[in-house]
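Architecture at a glance
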Amino acid sequence: MARSDTTHRYVLGISAYYHDSAACLLRDGEIVAAAQEERFTRKKGDAAFPDHAVQYCLDAAGIDIHAVHLVGFYDKPLLKFERILETYLGIAPRGFRSFMLAGPLWMKEKLHVDRQLRRELSYDGPLLYSEHHEAHAASAFLPSPFDRAAILTIDGVGEWATASIGRGDGSDFEVLQELHWPDSLGLLYSAFTYYTGFKVNSGEYKVMGLAPYGEPKYVDTIYRELIDLRDDGSFRLNQTYFNYLGGLTMTSGAFDELFGGPPRVPETPLTQREMDLARSVQVVCEEVMLRMARTAHRLTGLDNLCLAGGVALNCVGNGRLLREGPFTRLWIQPAAGDAGGALGVAQLLWHRHLGQARKPCCGQDAMKGSFLGPEFDDAAIERFLESAGASYTRLDRDELTDRVAALLANEHVVGWFDGRMEFGPRALGARSILGDPRSPRMQAQMNLKIKFREGFRPFAPSVLRERMSDYFDMDVDSPYMLLVAAVREDRRCPLTAEQQALWGIEKLNVPRSDLPAVTHVDYSARIQTVRRQTNPHYYDLLKAFERRTGCAVLVNTSFNVRGEPIVCTPADAYRCFMRTNIDYLVLGTFLLDKRTQSVAPGEDKWQREYVLD
Ligand SMILES: [Fe+2]
């Protein structure tokens, strides 16, 4: 039966076919739902058409596709194809093999996006396209809390643009400057991601986490050989060292020679060289971001800056922009990568194409805390628990909050599944694994026994917004965990000469502050501030933990294991809980104790080990 709704106007935004496909639905301009396809298909970064995400968005609004007024797609396939074709023609025959590999996919999927989108959606209404960086810019400015702001988008590549500077004013924005392919900060960072043995498009975060262990000893080499950086932040990359134009890898033989050998083989031990490379590219990346931000400030004369594009997930760089850049206020789109393009194009169509006014409200952004995904009520959770044969207790909300605070204070690790799933790559207290940041054992325990991942990466703290400056050298909202700041000096532990001499990852075992689980080796932390308004249950839990311990901070890491998308459903959460060493699981108002879960002998449905990627 068709579900229609003639009293409202709906706009559906879609990003797909590159990486991290997603859908977003607006009702009369308000964001009612947004989600990434990977959460439903359980394939990390799924680039397929977001069937499930679209269906979820329509279900959340109680409509079917016929009620949608307008559909938007986040880039222009023909323009992108033109870039690919020109690139390959320009370097033929060097790029021929790579073109033959990539070409058929483009011909099949990307050139026929219009026909394909209509078929996938069973939709015959208006279908419009934005440019890729326009979608990023729209996702940065239109949902921001600012009336007017400078806009900076930086990523790998869309059609031709790899970075843009814009000015947002009221209900629209204009693009003032663009940097074009093949000069791309995202691709420079990805080249080092590849070279240090991590996965391009998802391992960039690991490079950023590794950087504090290294020395910036390759910075001069990068400036001398790889990048010709101008004062205004624009640059040229020396393509001799890269291979993404014509080859099948990111870096060339000349790059290997310059940095003293072939790329690290993935999963082999990390050495000081990778740490120094990570530190060096991070330093260069921050410098480019700072120069671009200064140019954006000069061109717009405005004090607010909005950021999006994959590079805006570099929260160390964002922290420096806030401390050292010319802007007073920063707002970063939580789904800064390509998933956020779905939201960007939908809002662009609503405001620009349909000419609807934008009303930023009382300093609040329009993202609803980024809690825009599926939710499950207690009845649905109970049905699942019964079907899984789980052992559980149902508590009232206050009792649950107190019990969980007590469990956390006793160094138990808790899987916390509450309300609507987050849109974007960070868990913000709806699909999170929580722990006590004061515990010296917590970091190693959560890394090795729960996340099954490299021990060098720090965990992030959630902190009550009003207590932030008691712990960190920062006092601004950071609701989406996209800003890094230093742990306050008076909370740091001085190092002995012996500890100072420790090498690389050994440094991590030395407590750096009275919050050792969330303090990186350079005393930094990737902070999420929590307000009751956007996240009441999580706020109350932090408050209960504070009442019990005096500490207003929790370790918050995403509810998944390495290589897997964040959990979406109660079944995903239960599976992750049973396969890892998470001690307790909270699903809505239900509490599960690992020790009381019975698994029949020989039944390995839940206990199969995860395969590491
Ligand atoms: Fe992008």
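In case you missed it, the structure is sitting above this.
Fair warning: this is a prediction, and the values are worked out from it, not measured in the lab.

Points about the overall build of the protein chain
Within the protein chain, the regular secondary structure consists of 20 helices and 21 strands. Out of the 613 residues in the protein chain, the part that is buried amounts to 60%. Relative to all contacts within the protein chain whose residues are 6 or more apart in sequence, the contacts with residues 24 or more apart total 72%.

Concerning the packing of helix α11 (residues 272-300) against helix α12 (residues 315-324)
Running from amino to carboxyl end, α11 crosses α12 at an angle of 45°, the nearest separation of the two axes being 9 Å. With respect to their mutual orientation, α11 and α12 come out oblique. The chirality of how α11 crosses α12 is right-handed. Touching Gln 282, Glu 286, Met 289, Leu 290 and Ala 293 of α11 are Val 316, Gly 317, Asn 318, Arg 320, Leu 321 and Glu 324, all from α12.

Some thoughts on helix α20 (residues 570-579)
Since there are 3.6 residues in each turn of an α-helix, residues three or four apart along the chain are aligned in direction. The buried fraction of α20 amounts to nine of the ten residues, a majority that puts the element mostly inside the structure. Along α20, the residues classified as buried are Pro 570, Ala 571, Asp 572, Ala 573, Tyr 574, Cys 576, Phe 577, Met 578 and Arg 579. Where α20 is buried, its residues contact α1 (38-41), α14 (378-388), β14 (414-417), β20 (584-587) and β21 (590-593).

Some words on the sheet that holds strand β1 (residues 10-15)
Ordered in space as β3-β2-β1-β4-β5, the five strands form an open sheet in which the pairing is mixed. With partners counted over all chains shown, the strands left at the sheet margins are β3 (30-36) and β5 (127-129), one partner each. With direction set aside, neighbouring strand axes in the sheet form an average angle of 20°. Two elements, strand β4 (residues 68-73) and β5, share three bridges in a ladder whose sense is parallel. When the sheet's bridge partners are listed, Phe 73 is paired in β5 with Tyr 129.

Describing the side chain of Thr 295
The topology assignment puts Thr 295 in helix α11. For Thr 295, a relative accessible area of 2% gives the class buried. Once residues within four sequence positions are removed from consideration, Thr 295 is found in contact with Ile 165, Gln 177, Asp 232 and Gly 233.

Concerning the coordination of the iron ion
Distances from the iron ion to its protein donors, His 132 (NE2), His 136 (NE2), Asp 155 (OD) and Asp 338 (OD), fall within 2.1 to 2.3 Å. One can describe the donor arrangement at the iron ion as irregular, given that its four donor atoms subtend angles of 89 to 171° at the metal. Here the donor residues of the iron ion share one chain and are spaced in sequence as H-x3-H-x18-D-x182-D. With His 136 in helix α6 (residues 132-141) and Asp 155 in the loop between β6 (148-154) and β7 (161-169), this pair connects stretches of sequence that are 19 residues apart. By relative accessible area, which is 1% here, His 136 ends up buried.

Comments concerning the pattern of salt bridges
Inspection of every chain in the model, using the stated rule, returns 34 salt bridges. The salt bridge involving Arg 488 is made with Asp 490; its shortest N-O contact spans 2.8 Å. Accessibility expressed as a relative area gives 27% for Arg 488, which makes it partly exposed. Given the relative accessible area of 57%, Asp 490 is considered exposed. A cluster of three or more residues bridged by salt bridges with shared partners is formed by Glu 466, Arg 467, Asp 470, Lys 543 and Glu 546.

A short note on unusual backbone geometry
Residue Trp 181 is joined to Pro 182 through a cis peptide bond whose omega torsion reads 5°. Mapping Pro 182 onto the fold places it in the loop between β8 (172-180) and α7 (185-195). Despite not being glycine, Tyr 17 has its phi angle at roughly 75°, a positive value. Within the secondary structure layout, Tyr 17 lies in the loop between β1 and β2 (22-27). For Tyr 17, a relative accessible area of 5% translates into the label buried. Positive phi, close to 55°, is recorded for Lys 368, a residue that is not glycine. Positionally, Lys 368 belongs in the loop between α13 (340-353) and α14.

Points about the pairing of β6
Most of β6 sits out of view: six of its seven residues are buried. Judged from the seven bridges that link them, β6 and β7 form a sheet pairing that is antiparallel. Across the sheet, the residue bridging to Ile 154 is Ala 163, located in β7. Of the pairings in the sheet, the one linking β6 to strand β11 (residues 304-308) comprises four bridges and is parallel in character. By the bridge assignment for β11, Ala 150 is matched with Leu 305.

Rules and cut-offs
- Residues numbered from 1 in each chain as written.
- Predicted model: local features only at pLDDT ≥ 70, side-chain atom pairs only at ≥ 80, totals over all residues.
- Heavy atoms only, no water.
- Helix = DSSP H or I, 4+ residues; strand = E, 2+ residues; numbered from the N terminus.
- Buried < 20%, exposed > 50% of the residue type's maximum accessible area, 1.4 Å probe, protein only.
- Contact = heavy atoms within 4.5 Å.
- Axes fitted to C-alpha atoms, helices over the stretch in contact; angles between N-to-C directions.
- Parallel < 35°, antiparallel > 145°, perpendicular 65-115°, else oblique.
- Left-handed = near helix turned anticlockwise from the far one by under 90°.
- Pairing = 2+ DSSP bridges.
- Donors = N, O, S within 2.8 Å, 3.2 Å for Na, K, Ca; no water.
- Tetrahedral: all angles 85-135°; square planar, octahedral: opposite > 155°, others 65-115°.
- Salt bridge = Lys/Arg side-chain N within 4 Å of Asp/Glu carboxyl O.

Read these as spatial facts, not as claims about activity.
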